[in-house]
Amino acid sequence: MTRTALLRAPRKFELIERARPEPGPGEAVVRTIATAVCHTDLSIYTGAHPGVRYPVVMGHESTGIVHSVGEGVSGLAPGERVIVNPIISCGGCGECRRGAGHLCRNAGLFGREVEGSLSEYVKLPVRYLHRLPDNLPLDQATLIETLATVRHAQQRLGVARGESLVVLGQGTGGLLHTRLAVLNGANPVIAVSRTRWKLEMAARMGAHHLVAASVEDAVDEVRRLTGGDGADAVIDAAGGPQALKAAIAMLRPGGRVSAYSISHEPVPDFSTFPLYFGELSLIGSRALTAQDMAPSIELVASGAVDVRGFITSRYPLSGAAAAFEEYERNPGRILRIVIDASK
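Attention in this report is confined to the structure presented alongside it. (Residues numbered from 1 in each chain as written. Predicted model: local features only at pLDDT ≥ 70, side-chain atom pairs only at ≥ 80, totals over all residues. Heavy atoms only, no water.)

**Some points on the packing of aromatic side chains**
Two descriptors summarise a pair of aromatic rings, namely the distance from one centre to the other and the angle between the planes of the rings.
Okay, so step 1: For the structure on display, the rule yields five aromatic pairs.
Okay, so step 2: Both rings, one in Phe13 and one in Phe324, keep their centres 5.4 Å apart while their planes meet at 45°; by these two values the pair is tilted. One end of the pair, Phe13, is in strand E2 (residues 12-18); the other, Phe324, is in helix H11 (residues 320-329), with 311 residues separating them in the sequence.
Okay, so step 3: Classification of Phe324 by relative accessible area gives buried; the value is 1%.
Okay, so step 4: With centroids separated by 5.0 Å and ring planes inclined at 35°, the aromatic side chains of Tyr45 and Phe324 adopt a geometry described as tilted. Taken together, the positions of Tyr45 in helix H1 (residues 39-46) and Phe324 in helix H11 put the pair 279 residues apart, joining distant regions of the chain. For the pair Tyr45 and Phe324, a shared accessibility class is recorded, and that class is buried.
Okay, so step 5: Site record: aromatic cluster; members linked through ring pairs are Phe13, Tyr45 and Phe324.
Okay, so step 6: Just above the ring of Tyr121 sits the side chain of Arg20; from NZ or CZ to the centre is 5.2 Å. (Phe/Tyr/Trp six-rings, centres within 6.5 Å; stacked < 30°, edge-to-face > 60°. Helix = DSSP H or I, 4+ residues; strand = E, 2+ residues; numbered from the N terminus. Buried < 20%, exposed > 50% of the residue type's maximum accessible area, 1.4 Å probe, protein only. Lys NZ or Arg CZ within 6 Å of the ring centre and 35° of its normal.)

**Observations regarding the side chain of Asp292**
Okay, so step 1: Secondary-structure assignment places Asp292 in the loop between strand E15 (281-284) and helix H10 (293-301).
Okay, so step 2: Note on Asp292: relative accessible area 2%, which makes it buried.
Okay, so step 3: The residues touching Asp292, leaving out its near neighbours within four places in the chain, are Ala148, Arg151 and His152. (Contact = heavy atoms within 4.5 Å.)

**Section: the pattern of salt bridges**
Pairs may arise between side chains of opposite charge once their charged atoms sit close together.
Okay, so step 1: Here the structure, examined in full by the defined rule, presents 16 salt bridges.
Okay, so step 2: Among the ionic pairs, Arg11 bridges to Glu328, the shortest N-O distance being 2.5 Å. One end of the pair, Arg11, is in the loop between strand E1 (2-9) and E2; the other, Glu328, is in helix H11, with 317 residues separating them in the sequence.
Okay, so step 3: Ionic pairing is found between Asp139 and Arg314, a salt bridge with its closest N-O pair at 2.8 Å. Separated by 175 residues along the polypeptide, Asp139 in helix H3 (residues 138-141) and Arg314 in strand E16 (residues 311-316) bring together distant segments of the chain. (Salt bridge = Lys/Arg side-chain N within 4 Å of Asp/Glu carboxyl O.)

**A look at the environment of Glu115**
Okay, so step 1: On the secondary structure map, Glu115 appears in the loop between strand E7 (108-109) and strand E8 (121-125).
Okay, so step 2: You can call Glu115 partly exposed: its relative accessible area is 45%.
Okay, so step 3: C-alpha separation for the pair Glu115 and Cys90, spaced 25 residues apart in sequence, amounts to 15 Å.
Okay, so step 4: Apart from residues no more than four positions distant in its own chain, Glu115 is found in contact with Arg18, Val57 and Phe110.
Okay, so step 5: Among the polar contacts made by the side chain of Glu115, one reaches the side chain of Arg18 at a distance of 2.7 Å. (Polar contact = N/O pair within 3.5 Å; in protein donor to acceptor, adjacent residues only side chain to side chain.)

**As for the sheet that holds strand E14 (residues 251-259)**
Okay, so step 1: Read from one edge to the other, the open sheet built from six strands follows the order E12-E11-E10-E13-E14-E15, with strand pairing classed as parallel. For this open sheet the edge positions go to strand E12 (209-212) and E15, each flanked by a neighbour on one side alone. Within the sheet, the average angular offset between the axes of one strand and its neighbour, ignoring direction, is 20°.
Okay, so step 2: Pairing between strand E11 (residues 189-193) and E12: four bridges, direction parallel. Counterpart to Ser193 in the pairing with E12 is Ala212.
Okay, so step 3: Sitting on the sheet, helix H6 (residues 196-204) is in contact with E11 and E12, with an inclination near 170° to E12. (Pairing = 2+ DSSP bridges. Axes fitted to C-alpha atoms, helices over the stretch in contact; angles between N-to-C directions.)

**Notes on the packing of H1 against H11**
Okay, so step 1: With their axes 10 Å apart at the nearest point, H1 and H11 run at an angle of 105° to one another. When the axis of H1 is compared with that of H11, the two are roughly perpendicular. For the pair H1 and H11, contact is made by His39, Asp41, Leu42, Tyr45 and Thr46 and by Ala321, Phe324, Glu325, Tyr327 and Glu328, respectively.
Okay, so step 2: Considering only residue class, the contact of H1 with H11 consists of five nonpolar, two polar and three charged. (Parallel < 35°, antiparallel > 145°, perpendicular 65-115°, else oblique. Nonpolar A, V, L, I, M, F, W, Y, C, P; charged D, E, K, R; others polar.)

**Looking at the pairing of strand E13 (residues 231-236)**
The side chains of a regular strand alternate, residue by residue, between the two faces of the sheet.
Okay, so step 1: In terms of burial, E13 is largely enclosed, as six of its six residues are buried.
Okay, so step 2: Across four bridges, the pairing between strand E10 (residues 165-168) and E13 is parallel. Residue Val167 lies in a different strand from E13, and its bridge partner there is Ile235.
Okay, so step 3: With four bridges connecting them, E13 and E14 associate as parallel partners. Across the sheet, Ile235 pairs through a bridge with Ser258, a residue of E14.
Okay, so step 4: Crossover connection from E13 via helix H8 (residues 241-250) to parallel E14: handedness right-handed. (Right-handed = clockwise from strand over helix to strand, strands pointing away.)

Right, dumping it as structure tokens:
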């Protein structure tokens, strides 16, 4: 048997027992060790995420140890440590056929449309599993999934050496954006947050300038720090309608905005005129691709991206409800909560 934390309805967890899954051809069963809880999970928990069908087994930022493999599996063996690529694709729609499985119309996210990792054992096709080096603690390695989404967004944005770049918001995604932008050679990298301890972490990530202000109030300071020209690029890792408007106001003519943060709020009084007049580019990015995983693993394994200090608290699987209650009470004070399914 295996224990599973099932979300029956918003804010209603139940710990259940059911049969341990068995791998089919091309599949592996993974003994889940660590699952990091992010804002997407919180929105599913509270019922704020549109289109979620309950009951649901959440969890998509997860690592574990291969328990067993099915027929035809090669290159992956029991006992190996892995991280899950949670972007599940159908393989048959137009997006999948053109190699953009992360935009699949029919499948979805592990932990939302597909049962996720808040369970002692999970079964997945092996193409969604990526080996981890032995030197990476499995709880810290959960951050690699978020880093892969950050890498995908910066690839889409086209961050270039010597460009001025602003990161709005210094939560987990924002901090990783700050670090990766520095590694990609952007200069200056300007980190914006209202929270002092997050700016201190941004300094550890290598930010060249720290701006302690709301996104709206940061516009003038960004322009000052860029010699009055405005930034070459802005990454919105804060979310919300005001962040997008501020990001556009910070740009130089010809600049680019990455709409990285997920928001369902409409932007009031939004006009496309600034996009026309400044010839600005607004660039979306969704999740990650399989090709983002290996470079992201290497960035963390090598120490180039230091994810120590990102885990705010830890809970056992039986404490899943308490973990989400803490997150809902203190979302601004938390980077990641990790749920350990082995306890």
